[in-house]
Every structure is written in C-alpha cells, then in structure tokens.
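# An overview of the molecular structure
Here's the letter readout for the chains.
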Amino acid sequence: AWSQAVTDLDQAVVRVAWVGDVMLADGPGRLVKRGDDPFQYVASRLDEADLRVANLECVIASKGQAADKPWTFRATPQTLPLLKRHVDVVSLANNHSGDFGRAAFAEMLGRLDRAGVPYFGVGRNLREAHQARVIERKGVRIALLGYDEFFPRAFEAGDNYPGVAWSQD
C-alpha cells in the first residue's frame, strides 16, 4: 500500500496560480466599495488553479498612521471576503506591510486569521516571520516562504516584535 501511495503522489499534479502584487486600496478599493470586483477579468483563470498564491501589497486595517514614504497603501477590512474568494494564501513579505505601523499590521494579521486567509513571510516575531506556511493540495504538501529585501528595512521582524522576514544572503 505504501508504494502505491508514493506512486500516486508522484503523479499528483497541483496547478498553482502565482499572482503578483494585489493592492486593494486606492482605485481597486473604490471598485470594491461600489460593489465591483477588481479580479473579474482574471477570476476564471484563478478558479482553474488548485492553489492561488498572491503578494498582498497593502495593509488591510482600519487603524494606524501612514509611514513617511512616497506610497502607502491601506485597504478597508471590507475587502477581505473578496480576497478570500479569489486567493488561498498571501505573502506579506513586502515593502507595504508596515505602511501604517505595527498596530495596523497586528490588526491585519488578526483579521486575516479570523477570515481564514493564511499568510507567510511575516510574523509576530522573528521566528514566526521565517516559518514556512505549509499548504496541502491533492496530497501534496507545499511549503511557502516569503522574504523582503526592498527598503525600508525598518519593518523587519525582531525577536520580540512583529514584522516581515528580511532576506539575508
């Protein structure tokens, strides 16, 4: 039975949709607010995948102060059901996870947890930020890691504080 299981696993095909930056603030956020779906033109392609992985290039929160940087993106929490409908797991290891500070970041992690949207590349501390997110599809376990190396580096996770996993050579 074990050799048969290995054979079956060797033949398992998992279709993964790797989605680039998903930003649900500004223009896309206005679409969501009026009831439109910014994913509408790619939704059918996403639905064909067994696993849909995206880089969430904004903070989803209602609090926080914008960081002193050229572009900051914060999406309303009302975007979460739409995100969950089209994406299975998100990387948060990017230069926008800290756009509205640690309080907004913590709020986002809590909201993603409650909405059932797994994430990787960040954590409530350094160890958690560098931990792989394991997703299983069709009996295949897929480990996802995410790292940021695009400044500002100020939002890197530390031993006792949250942030992104910073890439180290």
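Treat the numbers as computed from the prediction; the structure is a model and nothing was measured.

### Digging into the sheet that holds strand 2 (residues 51-56)
The pairing of strands in a sheet comes from backbone hydrogen bonds and takes either a parallel or an antiparallel form. What the four strands build is an open sheet, ordered 1-2-5-6; its pairing is parallel. Either end of the sheet is taken by a strand with one partner, and the two such strands are strand 1 (16-22) and strand 6 (119-120). Across three bridges, strand 2 lies against strand 5 (residues 89-91) in parallel orientation. Paired with Ala 54 across the strands is Val 90, a residue of strand 5.

### Observations regarding the confidence of the model for the chain
Here the chain averages 91 in pLDDT, and 93% of its residues register 70 or above. Note that pLDDT drops below 50 for residues 1-6; the model gives that stretch zero contacts with residues more than four away or on any other chain.

### Describing the nonpolar core
Core analysis: the biggest nonpolar cluster contains 33 residues, and Leu 56, Ile 60, Leu 83, Val 90, Leu 92, Met 108 and Leu 112 have the highest contact counts within it. Every element with two or more residues in this core is listed here: strand 1, strand 2, strand 3 (59-60), helix 4 (80-86) and helix 5 (101-115). Element by element, the count of residues in this core is highest for helix 5, at five residues. If we ignore the near neighbours within four places in the chain, the residues touching Leu 83 are Val 22, Leu 24, Leu 56, Ile 60, Val 90, Leu 112 and Val 117. Counting seven residues, the second-largest nonpolar core is a separate cluster that includes Leu 51, Phe 120, Ile 135 and Ile 142.

### Description of the side chain of Glu 57
With respect to the helices and strands, Glu 57 occurs in the loop between strand 2 and strand 3. Among buried charged residues, Glu 57 stands out as having no salt bridge; its nearest opposite-charge side chain is Lys 69, 7.3 Å away. Of the polar contacts made by the side chain of Glu 57, one reaches the side chain of Asn 55; its length is 2.6 Å. The contact partners of Glu 57, leaving out residues within four places of it in the chain, are Asp 21, Val 22, Met 23, Phe 73, Asn 94, Asn 95 and His 96.

### Digging into the packing of aromatic side chains
The tally for this structure, following the rule as stated, stands at one aromatic pair. Taking 5.0 Å as the distance between ring centres and 75° as the angle between the ring planes, the aromatic pair formed by Phe 105 and Phe 155 counts as edge-to-face. Of the two residues, Phe 105 is situated in helix 5 and Phe 155 in the loop between strand 9 (140-144) and strand 10 (163-164); the sequence distance between them amounts to 50 residues. In this pair, the class of Phe 105 matches that of Phe 155, namely buried. When the ring centre of Tyr 119 is taken as reference, the NZ or CZ atom of Arg 133 above it lies at 5.6 Å.

Thresholds, definitions, all that
- Residues numbered from 1 in each chain as written.
- Predicted model: local features only at pLDDT ≥ 70, side-chain atom pairs only at ≥ 80, totals over all residues.
- Heavy atoms only, no water.
- Pairing = 2+ DSSP bridges.
- Helix = DSSP H or I, 4+ residues; strand = E, 2+ residues; numbered from the N terminus.
- pLDDT = per-residue confidence, 0-100.
- Contact = heavy atoms within 4.5 Å.
- Core = buried A, V, L, I, M, F, W, Y, C linked by side-chain atoms within 4.5 Å.
- Buried < 20%, exposed > 50% of the residue type's maximum accessible area, 1.4 Å probe, protein only.
- Lys, Arg positive; Asp, Glu negative; His and termini not counted.
- Salt bridge = Lys/Arg side-chain N within 4 Å of Asp/Glu carboxyl O.
- Polar contact = N/O pair within 3.5 Å; in protein donor to acceptor, adjacent residues only side chain to side chain.
- Phe/Tyr/Trp six-rings, centres within 6.5 Å; stacked < 30°, edge-to-face > 60°.
- Lys NZ or Arg CZ within 6 Å of the ring centre and 35° of its normal.

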